[in-house]
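Listed below are the residues making up each chain.
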Amino acid sequence: MDRISTYGASQLYISRIMQTQVRMQKEQLQSTTGYVTEDYSGIALDARTAINLENSTALADAFMAANASVQVRQNAANTALTAAQTSINTLKNRLISFASGQMKDQTAIRDVQDVAMRTLTELQSSLNTSVDGEYLFAGGRKDTMPVNFPVTKLADFQKMFDGSMTTYPTLRGADLLDIHLTNRDTGAVSFDSSSGLIIPANAGAYAKVPSSSYVHVSGTAQIVGGVTVSNDGDLTIKGHALSNTGRTPLVETSDAGSGTFLTLSNGSVINTTGALSFSYDKDGQMVVSPATGNSLTTMVPGTRFTISGSDATIATTSATDTTKLVGTNFYTYNGNATSATGLTISRGDDLVLVNNNNTLTFTATETSTMADVVNWINAQVDSSVPAPSPAIAKAMVDNQGRLTISNLNGSSGSPISVRGALSGVLGIGGTVPVGAGAVGSAGTPVVGTSLLTGAVAQTATSLGTPPIAVGDTLTVQVGAAAPATLTVTANTTLTDIARFIQLQDPSTRNADGSLNTLGAQVGVSGGAMTVTNNNGSGNGYTLGGNVAAALGLTGAIADGAATTGSAQPSLNGNYDGSFIVTKFDNVTGKMTIANDTTPSQSETLDATAVTLKRDTGVDGIPDTIVPTGLTTGSATFTLSGDTVTMTLPSGGTDLSTVYSVGQPVTIGGTDNHNGTYEVSAVTANTISYKINTDMLRVGPFLAQSGRTDMKMSFSTTVKPLDTKDTSPDVPGTISSGVATLDQKVFGGLSFTSAGKIVSSVKDALLDSKNMPYPPVGTLITLKGDSDVNAGVYEVTANDGTTLNIRCKTLKTETAMPQTEMTAQSWYKGDTLSLNTSINQTTTIETSLTASDSAFEKVIRACGIIAQGAYGTAGGLDQHPERVEQAIALLKDALSHSSTTPMPFGKEEASDLDGLQKKVGLNLSAIQNSNTALTQMKSFFVNRVSDIEQISSTEAITALLADSQALQTSYQALAKMQQMSLINFLK
């Protein structure tokens, strides 16, 4: 070296050495770790990208970890669904096999009911599947066991549901019902034994209790006269009873009045229907038929409307003397008051008179009238007597619709036997005795059944001014005898009042209990009741009580005198109320309706939206707009009991100057209260009106009279005569050990809501030894042209005319203040929908609930089959129709079909096939998501690796190069440090 190093050069050289050392440290770390740097500062330019990519990788890992958990749950759910499908198919196939075999065999029935019960428990086990402490079929309540049936043994199940008095719910809403109603919801609750109804004070309180619900009632026990009266216990709700705005249950009628009009919720009015007819369908809803065809075509299901202006005037109809017997319920004769038989007379029905061994027969045709019957009887002669042969009988119809026959054969003649189907219908069957005089003199007449029923005899609560109400009384005193008292119930009719008055005078009754033309005679003409005293013994009648006062019949009626009461007004409003269309038949033009409970809901809206109309004509239809005079403020509708009050802001039109109590008002512009109503109270800015109350029906029967289409069959040990199907020992026919009775035996059957079946022919249900036939304990099957009141029932009493059947009956209790109604569902989860994100862009619905209709339909099918023990009225052996119902539900649960008719109406579309597809699609989505996440993660990892990692070979090569350079630098630096002026001078 030929020069001397400067200090500056030395420091620069040292600096470079140090840089090499730093670089070597980095290269040593890189060669050891494989990473470019220990922190992001070493990759500052790419740090953001690396961080984002690392976060994306972590998110993918999180999704895949969560997906693994979801995948386990979905696989477990799929396993549970497969197990449920196996159980369902087993039951379905067993039922199909059972349906094609011996459906009456006790062993087979027990076996199929065991299978149904086992399916319930297996399904409960499957639906209670849990993973990691979370239940799969509980919706959002993952920590709650979703299914809990109250019983799991068949015997215990049949104690709850005997298949007759208490039946398993047939509707989804009833099967899942979970409620707790108190008097805060219902108001005071009344129980009516005669109608079989539970009646809340608040009109719409039971809107959420579906038909067929199984509920528990409590809080009704009370002490009356030292005796405990209670309706506490378990009940099956048979249905909802339609009622009018007077809280009276609707009854069947063929004429609700020609002034009836409908106001739809959209404001349109239909007044072209003519008289509306009301009849029951099998579920207790009303089928409404218009007199004018095609007048109800706009009444599609879901249409809400009000009925107004309906009436059923006492003793007045459009029927005449030529009204046909066949197919009609109405007739008159000789100008007397119209009568409604409540019976359907069929072509071929006969009236037979047997006189002096000669059989005389009248046969009804489509053109026969009541006048034909009377004229035929009066025209019959005794052919054994030379001409001119004398007439054998005299017939007439009194103003109660009673056919009366007197024997004219005289004391030397023969009694007349009255037989045939028409004799039962008219209540005139039996023997007409001869008189004490010569030929032509009338003997003691035989009087038929009073036929003031149906539309002619409306409920007594519609009568009188003021109206007669439930609990009102009528007292009748004959001479010095103790007064007798009739207490009005919700089902009391004008007929009941008339018959009660008649029966108090013993001279009115013949020895066999039938009524005659002596004693007390009661008639109705021109809307007024007349009571005639014909007892001939000098005993007067004294009528009292508020019923007599309302009818204008108070005071004494001397022997031989008559008193006519006050004329009663038309019974307006008997079918008025708010209703909703549930079904419309395009072929017949008939609609099926139910109570509309929407008007019971409170509502607040802009007062300027409310429209009002009033009636200014003579048709009773509000058609004149009433300006409210309002420009601002809110209108409210509130409910108290069964009364709705509309309140408008002050300062508008004084409503009390426009409307008065009893007038109609049409309300529009609201969501819940559009319709026509009768004003019950009015002030300057309020109008109050009644709405119809939704009542629950518990009684076994819908009240009906005169069902001549019914056939009654039951097992019997009586043998028919050889080559015949009859026996002289019993009425009716016998075939293969099954007895059948029809209208030829009992005329018409009447049904009461308290569980009574009444024959219109006295003692028709006795055998030749006057023993009950059918006997007590017998299971009878009733079938008719209509399914109303058809079914299987156990006879608990038979007096020859009236059958009592085993059923749940109510005890009359009024305005009970502490009543509760509860129902607990077997489903304990919720319906929360749970969604799970399986990646950043995809979400799947993973929630499954045991209340899904796919499972609920199966549970309902199992309950329908399992209920009712063999040999009882509710047993499967008596109800083979349940098998087809259950099969239909099971098939729909497995695979829904929108075109297949279902036994209990339209079912929800969900099915097991759909649930399995849903789970399968979820599993497929999870798998696809995981595949995509794996691929994305690989890309992210590689890109991060490109940024953060370095090749070990590259790092070592650089390290070796820098190491050699550093060694060289050290050597050069050492030489430089040896260079000095002294050394240079040496």
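Throughout, residues of each chain are indexed from 1 in the direction in which the sequence is written. Since the coordinates come from a predicted model, pLDDT governs what is reported: local features require at least 70, and pairs of side-chain atoms require 80 or more to be given and counted, while whole-chain, interface and lining totals use all residues. Where side-chain values are given, they derive from all heavy atoms of the structure, hydrogens and water being excluded.

If you check an unreviewed UniProt entry, the protein appears there as Flagellin N-terminal helical region from Magnetospirillum fulvum.

(A) Examining the pattern of salt bridges more closely. Salt bridges are defined by distance alone: a side-chain nitrogen of Lys or Arg within 4 Å of a carboxyl oxygen of Asp or Glu. This model, assessed by the stated rule, comprises 16 salt bridges. Among the ionic pairs, aspartate 596 bridges to arginine 304, the shortest N-O distance being 2.9 Å. With aspartate 596 in the loop between strand 33 (591–595) and strand 34 (603–606) and arginine 304 in strand 15 (residues 304–308), the pair connects residues that are 292 residues apart, well separated along the chain. Both residues of the pair, aspartate 596 and arginine 304, belong to the buried class. Each helix is a run of DSSP H or I of at least 4 residues and each strand a run of E of at least 2, with the numbering of both proceeding from the N terminus. Exposed residues in this analysis have more than 50% of their type's maximum accessible area, buried residues have under 20%, and partly exposed residues fall in between, with area computed by a 1.4 Å probe over protein chains only.

(B) Structural context of helix 3 (residues 106–127). For helix 3, which comprises 22 residues, the first-to-last C-alpha distance of 31 Å matches the rise-based estimate of 32 Å (1.5 Å per residue) to within 8%. In the analysis that follows, any N or O atom pair within 3.5 Å is treated as a polar contact, provided that within protein one partner can donate a hydrogen and the other can accept it, and provided that, for residues neighboring in sequence, both atoms belong to side chains. N-cap assignment for helix 3: the residue whose side-chain oxygen lies 3.2 Å from the backbone N of threonine 107 is aspartate 105. Under the convention used throughout, the expected extent of a helix is 1.5 Å for every residue step, that is, one less than its residue count.

(C) Summary view of helix 12 (residues 853–866). Taking 1.5 Å as the rise per residue, helix 12 with 14 residues should run 20 Å; its terminal C-alpha atoms sit 19 Å apart, in good agreement. Counting buried positions over the 14 residues of helix 12 gives 14, a clear majority of the element. Near the N-terminus of helix 12, the side chain that reaches the backbone nitrogen of alanine 854, with its oxygen 2.9 Å away, is that of aspartate 852. One or two residues past the end of helix 12 sits glycine 868, with phi positive at roughly 80°.

(D) Seen up close, the sheet that holds strand 11 (residues 261–264). Spatially, the seven strands line up as an open sheet ordered 12-11-15-32-33-14-13, and their pairing is antiparallel. Looking at which strands have only one partner, the edges of the open sheet turn out to be strand 12 (269–270) and strand 13 (276–280). When DSSP finds at least two bridges between two strands, those strands are taken to pair.

(E) Quick peek at the sheet that holds strand 24 (residues 446–447). In space, the three strands of this open sheet follow the order 20-21-24, with antiparallel pairing throughout. The open sheet has two edge strands, strand 20 (393–397) and strand 24, and neither has a second partner. In this sheet, strand 21 (residues 403–407) lies alongside strand 20 in antiparallel orientation, the contact comprising five bridges. By the bridge assignment for strand 21, valine 397 is matched with leucine 403. Here a residue-residue contact requires only that any non-hydrogen atoms of the pair lie within 4.5 Å. An axis is simply a line fitted to the C-alpha atoms; with a helix, the fit covers only the stretch in contact. Between two such axes, the angle follows the N-to-C directions and lies from 0 to 180 degrees. The strands touched by helix 7 (residues 370–379) are strand 20 and strand 21; relative to strand 20, the strand with the most contacts, the crossing angle is about 160°.

(F) Seen up close, the packing of aromatic side chains. Stacked, edge-to-face and tilted are the three classes for Phe, Tyr and Trp ring pairs, Trp counted by its six-membered ring, which pair at centre distances within 6.5 Å; planes under 30 degrees apart are stacked, over 60 edge-to-face, the rest tilted. Tallied over the full model, the rule gives 14 aromatic pairs. On the numbers, 4.6 Å between centres and 50° between planes, the contact of phenylalanine 161 with tyrosine 214 is tilted. Taken as a pair, phenylalanine 161 in the loop between helix 4 (154–160) and helix 5 (172–175) and tyrosine 214 in strand 6 (residues 214–218) lie far apart in primary sequence, 53 residues in all. In this structure, phenylalanine 161 and tyrosine 214 share a single accessibility class: buried. Between tyrosine 677 and tyrosine 689, the aromatic rings sit 4.0 Å apart at their centres with planes inclined by 20°, giving stacked as the arrangement. Of this pair, tyrosine 677 sits in strand 40 (residues 675–682) while tyrosine 689 sits in strand 41 (residues 686–690), placing them 12 residues apart in sequence. Assigned by exposure class, tyrosine 677 and tyrosine 689 land together as buried. In this structure an aromatic cluster arises from ring pairing among Phe157, Phe161, Tyr168 and Tyr214.

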